[in-house]
Amino acid sequence: MKRNILPVLALLFGTLFLFTGNGLHSLLLPVRGTAEGYATTTLGLLGTTWATGFVLGCLTAPKLVRRIGHVRAFSGFIAVIAIIALLTGIIVDATWWVLLRAVTGFCTAGTSMIIESWLNERATNESRGAIFSLYIGITLIGAVAGQMMIPFEDIHTPILFMFCGICYCVAMLPTTLSTAASPQPLKAVSLDLKALYRNSPVASIGILLVGIANGAYGTLGAVFGANAGLSDGNIALMMSSTIFAGAVMQFPAGRLSDRIDRRYVLAGMAAIAAIDGLLLFLLQPTGPLFLIGMVVIYGAVANTLYPITVAHANDFAAPEDFVKVSGGLLLLYGIGTIIGPTLGGPVMSAIGPYSLFFVTAVAHVLITTYAIFRSRMRAAKPASDRDAYTTMPSANAQMITPESMSLARSEASKKEDMTVNYGT
């Protein structure tokens, strides 16, 4: 195991600090923006522009990486992210924050794709599972650690923004100083949305709606917490707990979806998320313990929807079409994460903070309805013919790139070769 991990240890160490900075900065901006009195619609645009930049980065960053190399591109992307993190602490202005978040999203896509392609190439069949699991754990720990820094400093000062910059600079060092060879050039994402819909209508529509719900909560969850009366510490606890709960829930959800029709599992999990969201909207709890508990239940089930949807799409995809499928899913999810906060911000401004969960509930009701409808239109794949389910990074910890989906796919293929999955 040591021989397998050591070649990528420096990269994983840098990844930890990268996601620590990401977790802190992504939560700090809406919390500070709420304290500054920025409109909820404006704060929603922070997520909209970030997601737009991220999707564009997934589609175009590989060209830049091929031109200047992985190490230079990685260092350059992180340097830009660090500069922006520091600038947002100096220039406290909503317009600048919204514009700069698009650049951060673009650079984050570039850094994530480089990390994941590096891991994918260095991993062997024997070490792939351990490396992929370790990578997921590091992104989770980093994002949560960053978010939990919020209570320890005054958000009205530039100190936390400076911590972001420090984390990003530390993330740059391991690969800059490493003598390891760079991986092969990144592959371009192939898109064919019509073919994706023909392959799996549920995955196509479902992933768009999952993106809407996750984008709305991921961007505006902190704004909701502040307007619902939670302290900065409780907001950080709420956002971090939903990520942890979603990560823990992936295994039982995946085990169940390998045994029965994935569309039923998708519909059931979405229905629970919808009911929980509607209860939050109608009851509008104010007690921190009860409120955070209900939101954690929401996060536990909502964060299982993305990997289940991906697994369902893979069930019907030929191996040679996987790149097209993953590219199409990425684009649709990205579009959803753009729509979610753009829609959620004005709704929260008009109706109140708890209406955030009305927006997510509508998306989850549509997922439930469409998944059940489609289950009557086409038979499920036999369990023996399905692609093996594999856990994926939490959607609220990071957005997915084609490279992470390829890494997950490689691990699933390994499981198939060993005839091991949850259903056997």
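Predicted model only: the values in this text are computed from it and were never measured. (Residues numbered from 1 in each chain as written. Predicted model: local features only at pLDDT ≥ 70, side-chain atom pairs only at ≥ 80, totals over all residues. Heavy atoms only, no water.)

Quick look at the overall build of the protein
Counted only if it meets this: Put simply, DSSP H or I for four residues or longer makes a helix, DSSP E for two residues or longer makes a strand, and each gets a number counted from the N terminus. For every residue, the accessible area (1.4 Å probe, protein chains only) is compared with the maximum for its type, and the residue is labelled buried under 20%, exposed over 50%, or partly exposed between those bounds. We call two residues contacting when some pair of their heavy atoms lies within 4.5 Å. In these tables, accessible area is a Shrake-Rupley quantity obtained with a 1.4 Å probe, and a residue counts as shielded only by the protein chains included in the view.
Per the secondary structure count, the protein includes 16 helices and zero strands. Across the 424 residues that make up the protein, the buried fraction comes to 58%. For the protein, long-range pairs separated by at least 24 residues make up 88% of all intrachain contacts whose partners lie at least 6 apart in sequence. Carbon and sulfur atoms provide 68% of the accessible area of the protein, an area that totals close to 16100 Å².

Points about the packing of helix α11 (residues 262–283) against helix α15 (residues 356–375)
Stated precisely, the cut-off is as follows: Only the contacting stretch of a helix is used when fitting its axis, a line to C-alpha atoms as for every element, and angles between N-to-C directions run 0 to 180 degrees. Here is the rule for angles: anything less than 35 degrees is roughly parallel, anything more than 145 is roughly antiparallel, 65 through 115 is roughly perpendicular, and the remaining ranges are oblique. When the near helix sits turned anticlockwise from the far one by under a right angle, the crossing is termed left-handed; a clockwise turn instead gives a right-handed crossing.
The geometry of α11 relative to α15 is characterised by a closest axis approach of 8 Å and an angle of 155° between their N-to-C directions. As the angle between them shows, α11 and α15 are arranged roughly antiparallel. Relative to α15, α11 is oriented so that their crossing is left-handed. Contacts between α11 and α15 involve R263, Y264, L266, A267, A270, A271, A273, A274, G277, L278, L280 and F281 from the former and F357, F358, A361, H364, V365, I367, T368, A371, I372, R374 and S375 from the latter.

Topic: a nonpolar patch on the surface
Selection criterion: Each patch is built from residues lacking any salt bridge and having more than 30% relative accessible area; the joining distance is 9 Å for like charges and 5 Å for nonpolar side chains (Val, Leu, Ile, Met, Phe, Trp, Tyr). For this analysis, a salt bridge means a side-chain nitrogen from Lys or Arg found within 4 Å of a carboxyl oxygen belonging to Asp or Glu.
Taken together, the side chains of I275, L278, L279, L282, L283, F290, F358, V362 and L366 make up a nonpolar region of the molecular surface, amounting to roughly 830 Å² of accessible area. Taken together, the elements giving at least two residues each to the nonpolar patch come down to α11 and α15. Ranked by residue count, the leading element in the nonpolar patch is α11, at five residues. Residue position: F290 is located in helix α12 (residues 288–302).

Side note on the packing of helix α4 (residues 70–90) against helix α7 (residues 159–177)
The condition that has to hold: Gly counts as polar in this scheme, as do all residues outside two lists: the nonpolar Ala, Val, Leu, Ile, Met, Phe, Trp, Tyr, Cys and Pro, and the charged Asp, Glu, Lys and Arg.
Here α4 crosses α7 at 170°, and the two axes come no closer than 8 Å. Judged on the interaxial angle alone, α7 and α4 are roughly antiparallel. Here α4 contributes V71, F74, S75, I78, A79, I81, A82, A85, L86, T88 and G89 to the contact with α7, which in turn contributes F161, M162, C164, G165, Y168, A171, M172, T175 and T176. Residue composition of the contact of α4 with α7, grouped by class: 14 nonpolar, six polar and no charged.

Remarks on the packing of aromatic side chains
Stated formally: Two rings from Phe, Tyr or Trp (for Trp, the six-membered ring) form a pair when their centres sit within 6.5 Å of each other. Planes less than 30 degrees apart are called stacked, planes more than 60 degrees apart edge-to-face, and all others tilted.
Here the structure, examined in full by the defined rule, presents 13 aromatic pairs. Pairing F281 with F358 gives two aromatic rings, centres 5.2 Å apart and planes at 40°, and the pair type is tilted. With a gap of 77 residues between them, F281 in helix α11 and F358 in helix α15 connect regions that are remote in the sequence. Between Y298 and F357 the ring centres are 5.4 Å apart and the planes differ by 85°, which places this aromatic pair in the edge-to-face class. In this pair, Y298 is assigned in helix α12 and F357 in helix α15, connecting sequence segments 59 residues apart. Note on accessibility: Y298 and F357 belong to one class, buried.

Describing helix α5 (residues 94–122)
The cut-off we apply is this: Expected helix span is taken as 1.5 Å per residue step, with the number of steps being one fewer than the number of residues. Polar contact is defined as a pair of N or O atoms within 3.5 Å, subject to the rule that within protein one atom must be able to donate a hydrogen and the other to accept it, and that residues adjacent in sequence are counted only when both atoms are side-chain atoms.
The end-to-end C-alpha distance of α5 is 42 Å, a good match for the 42 Å that 29 residues give at a rise of 1.5 Å each. In terms of residue burial, α5 counts as a mostly covered element, since 21 of its 29 residues are buried. Here α5 starts with a cap whose side-chain oxygen sits 3.2 Å from the backbone nitrogen of T95, and that cap is D93.

Let's talk about the environment of S257
Its location among the elements puts S257 in helix α10 (residues 232–257). Of the polar contacts made by the side chain of S257, one reaches the side chain of R262; its length is 2.9 Å.

Details of the confidence of the model for the protein
As a reminder, the rule being used: A residue's pLDDT is simply how confident the predictor is in it, with values from 0 to 100.
When pLDDT is averaged along the protein, the result is 84, and 81% of the positions lie at 70 or above. A low-confidence stretch, residues 414–424 (pLDDT under 50), is modelled with 21 contacts involving residues beyond four sequence positions or located in other chains.

Details of the pattern of salt bridges
Here the structure, examined in full by the defined rule, presents three salt bridges. Measuring nitrogen to oxygen at the nearest pair gives 2.9 Å for the salt bridge that ties R32 to E36. Here R263 ties to D261 by a salt bridge, and the two come within 2.9 Å at their closest N and O atoms.

Examining the environment of N227
By the element assignment, N227 lies in helix α9 (residues 201–227). The class for N227 is partly exposed, based on a relative accessible area of 40%. Sequence separation between N227 and G352 is 125 residues; the distance between their C-alpha atoms is 8.5 Å. Setting aside residues no more than four positions away along its own chain, N227 makes contact with T34, T40 and P353.

Brief notes about the side chain of T304
Relative to the helices and strands, T304 resides in the loop between α12 and α13 (305–315). Taking the relative accessible area as the measure of exposure, T304 reaches 0% and is therefore buried. A distance of 2.7 Å separates the side chain of T304 from the backbone oxygen of V301, its partner in a polar contact.

Looking at α7
One full turn of an α-helix is made of 3.6 residues, so residues set three or four places apart face in the same direction. Here α7 spans 28 Å end to end across 19 residues, near enough to the 27 Å set by a 1.5 Å rise per residue. Regarding α7, the residues found buried are L160, F161, C164, G165, C167, Y168, A171, M172, P174 and T175.

What about the environment of V202?
The topology assignment puts V202 in helix α9. Since its relative accessible area comes to 4%, V202 is described here as buried. Each C-alpha atom of the pair V202 and Y370 lies 6.9 Å from the other, and the pair is 168 residues apart in sequence. In contact with V202, other than residues within four places in its own chain, are I207, R263, L266, H312, Y370, A371 and R374.

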